[in-house]
Amino acid sequence: MRSVLFLLLLAGCATPPRRAEGPGATEVDRVVRDLCDKRVALLGEDSHHGSARTLDVKVELTRRLVEECQYDAFFIEAGVYDFLRIQERLDAGQPITQDMVSDAVGGMWANEEVAPLIPLLTRWLREGTVVAGGIDDQVNRGTYAQREMAPELLPALADSRRAECGEEIERYLSWRYDDAHRFTAASAARIQGCWAELAAGASTSRSHGWMARNLERFFARQVAVMSRPPPPEGSPTDWSTFNDRDQSMFANLQWHLSRSPGPRKAIVWLATVHAAKDLKHMDDGGGPPVPFGSHVRARFGEQAFVLGFSALQGKYSLASTPRTYDLEPARADSLEAWALSSPSADSRYVDAHQLRENGTRVARAVNYRWMMAPWATVIDGLLVFREEAPPRPRALPSSARAE
């Protein structure tokens, strides 16, 4: 079935891009032009998820790609679980609220810059204009996944296993660990075994089975990490956990796309370190990182586009928290300094052709660390701001409100 969908996707007629050229065109117009006729638009951001101008533009790009370029799928680096619950409600003709959508997007993006996305996404989901999903197997805190998911899934187990698994899983989700009850590789393995039983066929619905499979993958990584001895100081980076997580995210993307009867045009909202086509330049001897974007590129080829973001200077935060960091002024030999060599420009879009022309150059387009790389092999476009700023936090929705 997936191979048939893939052939349909390749054969589909691309939407002609909306042309935005000439003296009135903005840098964002140029980005829209490059993304409009693609099948997968990977919208990156710094690994801390705490850059306000980047988030502002990503919300605007999401709106324009849906309204102007007929994108009809939105996937985000958040837990798969809450979005599956939202889809179940939609399929059953039940209402969904903005609080549900905000929970699904997650606290990582609980800020004023991303706030305009929530009513848009809620309306699109209600109208059926867009399908949405999480691509991560991690559990967002304070959400359906933490509060209600386990009680809904566990009844599919036999009575004896239900009680045993329920106690282990509830302790983890509420994090009730102490000196008498520690979270160890053994306890993680027991929880993994519970989800493996559900994933093997005990679940009562396709979405519940997929939730269980994701939880099994998540706890398998936990077991692997906790079972490994600490690496010697100065040893090469072990990318195995990163690679396993990104492979899991790609499996979720494939699963989401397989549920549609025809090809879709998908926006994927995630960190650039995951969106990247290739991160071989980050290999320090421990083996190369294999990001989510490399799997997307292998499947979709030139129909996928990776957009990165950077800045000359400014500040950023650790997600929507008060922890802020200074960006040192851009190096004179950097791609960022080249992009904004004109003192009058507030931002500059560096397209694929310009990335190729610049060859191997120093930049901080992945996670605000200076790296030397042939950037055209990492991303397809880079939007550089003169100054970045931390996002403005907003209160998480009250999940206790009536739905």
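Model, not experiment: these values are computed from the prediction.

Novice: Looking at this model, I keep getting lost on the overall build of the chain. Mind explaining?
Specialist: From N to C terminus, the chain includes 16 helices and ten strands. For the chain, the C-alpha radius of gyration of 22 Å lies close to 22 Å, the compact-globule estimate for 403 residues. Relative to its full complement of 403 residues, the chain shows a buried share of 54%. Of the contacts made within the chain by residues no fewer than 6 positions apart, 77% connect residues no fewer than 24 positions apart. Here the chain has roughly 17100 Å² of accessible surface; of this, 53% comes from carbon and sulfur atoms. Looking at the chain, you have 48 positive and 53 negative side-chain charges, and the mean spots of the two groups are 3 Å apart.

Novice: It is not clear to me how the state of the cysteines should be interpreted in this structure. Could you clarify?
Specialist: Any covalent bond linking the sulfur atoms of two cysteines counts as a disulfide. All told, the structure shown has two disulfides when counted by the stated rule. In this model Cys-36 forms its disulfide with Cys-69; the gap between the sulfur atoms is 2.0 Å. Its torsion about the S-S bond being -110 degrees, the disulfide of Cys-36 and Cys-69 is classed as left-handed. Of this pair, Cys-36 sits in the loop between α2 (27–35) and β1 (40–43) while Cys-69 sits in helix α3 (residues 52–69), and the two are 33 residues apart along the sequence.

Novice: Would you take a moment to explain the packing of aromatic side chains for this structure?
Specialist: Any aromatic ring pair is given by two values, namely how distant the centres are and how the planes are angled relative to each other. For the structure shown, the criterion picks out 15 aromatic pairs. Judged by centre distance (4.7 Å) and plane angle (55 degrees), the rings of Tyr-316 and Tyr-368 are tilted. Taken together, the positions of Tyr-316 in strand β5 (residues 304–317) and Tyr-368 in the loop between β8 (360–363) and β9 (371–374) put the pair 52 residues apart, joining distant regions of the chain. The exposure classification of Tyr-316 matches that of Tyr-368, with both residues buried. One aromatic cluster in this structure is built from Tyr-172, Trp-175, Tyr-177, Phe-183, Phe-218 and Phe-219. One residue, Arg-331, lies across the ring of Trp-370, its end atom 6.0 Å from the ring centre.

Novice: Got a minute to help me understand unusual backbone geometry in this structure?
Specialist: What you tend to see is this: most non-glycine residues have negative phi, and most peptide bonds are trans. A positive phi is found at Trp-175, a non-glycine position, where the angle reads about 50 degrees. Following the sequence through the fold, Trp-175 ends up in the loop between α9 (159–173) and α10 (185–202). Of note, the phi angle at Ala-319 is positive, near 50 degrees, even though the residue is not glycine. The topology assignment puts Ala-319 in the loop between β5 and β6 (324–327).

Novice: It is not clear to me how the environment of Asn-252 should be interpreted in this structure. Could you clarify?
Specialist: Mapped onto the secondary structure, Asn-252 falls in helix α12 (residues 240–258). When the C-alpha atoms of Asn-252 and Thr-377 are compared, they prove to be 24 Å apart, with 125 residues separating the residues in sequence. Once residues lying within four places of it in the same chain are set aside, the contact partners of Asn-252 are Val-80, Gly-134, Ile-135, Asp-136, Asp-137, Trp-210, Asn-214 and Arg-217.

Novice: I would appreciate a short explanation of the nonpolar core in the present structure.
Specialist: One broad trend across soluble globular proteins is that nonpolar side chains are buried collectively. Counting 47 residues, the largest nonpolar core has Leu-61, Phe-74, Leu-121 and Trp-269 as its most contacted members. No other element matches α3, which puts seven residues into this core. One finds Ala-304, Leu-335, Leu-340 and Val-384 within the second-largest nonpolar core, a separate group that totals 41 residues.

Novice: What exactly am I supposed to notice about the environment of Ser-207 here?
Specialist: Turning to its location among the elements, Ser-207 is positioned in helix α11 (residues 206–227). On the basis of relative accessibility, which here comes to 5%, the residue Ser-207 falls in the buried class. Only 3.4 Å separates the side chain of Ser-207 from the side chain of Ser-205, close enough to count as a polar contact.

Novice: Honestly, the packing of α3 against helix α6 (residues 117–127) in this entry has me stumped. Any pointers?
Specialist: Each pair of packed helices gets described by two things: the angle between the helix axes and the distance between those axes. In contact at an axis separation of 10 Å, α3 and α6 are set at 25 degrees when each is read in the N-to-C sense. As judged from the angle between their axes, α3 and α6 are roughly parallel. Crossing hand, α3 versus α6: left-handed. Of the residues in α6, those touching α3 at Val-59, Thr-62, Arg-63, Val-66 and Glu-67 are Leu-117, Leu-120, Arg-123 and Trp-124.

Novice: Would you explain the confidence of the model for the chain in this entry?
Specialist: Keep in mind that low pLDDT regions are not for reading the predicted coordinates in detail. Per-residue pLDDT for the chain has a mean of 92; in total, 91% of the residues score no lower than 70. In the model, residues 1–23 has pLDDT below 50 throughout and makes 35 contacts with residues more than four positions away in sequence or in other chains. This stretch, residues 398–403, has a pLDDT under 50; its non-local contacts, to residues over four places away or in other chains, come to ten contacts.

Novice: Would you explain α2 in this entry?
Specialist: Note on helix geometry: an α-helix contains 3.6 residues per turn, so any two residues three or four positions apart are oriented the same way. Extensive coverage of α2 is indicated by the burial of nine of its nine residues. Those residues of α2 lying buried are Glu-27, Val-28, Asp-29, Arg-30, Val-31, Val-32, Arg-33, Asp-34 and Leu-35. Where α2 is buried, its residues meet β1, α3, β5, β7 (347–350), α16 (352–358) and β10 (381–388).

Novice: Help me understand the packing of helix α5 (residues 98–105) against α6 in this model?
Specialist: Closest axis-to-axis distance for the α5/α6 pair is 9 Å, and the angle between their directions is 110 degrees. What the angle tells us is that α5 and α6 run roughly perpendicular. Seen along the crossing, α5 lies across α6 with a hand that is right-handed. Every residue of α6 that contacts α5 at Gln-98, Val-101, Ser-102 and Val-105 is listed here: Ile-118, Pro-119, Leu-121, Thr-122, Leu-125 and Arg-126.

Novice: So what exactly am I meant to see when it comes to the pairing of strand β4 (residues 266–269) here?
Specialist: Every other side chain in a regular strand lies on the same face of the sheet, so the side chains alternate between the two faces. Burial along β4 is two-sided: Ala-266 and Val-268 and Ile-267 and Trp-269, pointing in opposite directions, are all buried. Examined bridge by bridge, strand β2 (residues 73–79) and β4 share four bridges and lie parallel to one another. Residue pairing across strands places Phe-75 opposite Val-268, the latter belonging to β4.

Reading the values: rules and limits
- Residues numbered from 1 in each chain as written.
- Predicted model: local features only at pLDDT ≥ 70, side-chain atom pairs only at ≥ 80, totals over all residues.
- Heavy atoms only, no water.
- Helix = DSSP H or I, 4+ residues; strand = E, 2+ residues; numbered from the N terminus.
- Rg over C-alpha atoms; globule rule 2.2 N^0.38 Å.
- Buried < 20%, exposed > 50% of the residue type's maximum accessible area, 1.4 Å probe, protein only.
- Contact = heavy atoms within 4.5 Å.
- Areas by Shrake-Rupley, 256 points an atom, 1.4 Å probe, with all protein chains shown as cover.
- Lys, Arg positive; Asp, Glu negative; His and termini not counted.
- Charge placed at Lys NZ, Arg CZ, Asp CG, Glu CD.
- Disulfide = S-S within 2.5 Å.
- Phe/Tyr/Trp six-rings, centres within 6.5 Å; stacked < 30°, edge-to-face > 60°.
- Lys NZ or Arg CZ within 6 Å of the ring centre and 35° of its normal.
- Core = buried A, V, L, I, M, F, W, Y, C linked by side-chain atoms within 4.5 Å.
- Polar contact = N/O pair within 3.5 Å; in protein donor to acceptor, adjacent residues only side chain to side chain.
- Axes fitted to C-alpha atoms, helices over the stretch in contact; angles between N-to-C directions.
- Parallel < 35°, antiparallel > 145°, perpendicular 65-115°, else oblique.
- Left-handed = near helix turned anticlockwise from the far one by under 90°.
- pLDDT = per-residue confidence, 0-100.
- Pairing = 2+ DSSP bridges.

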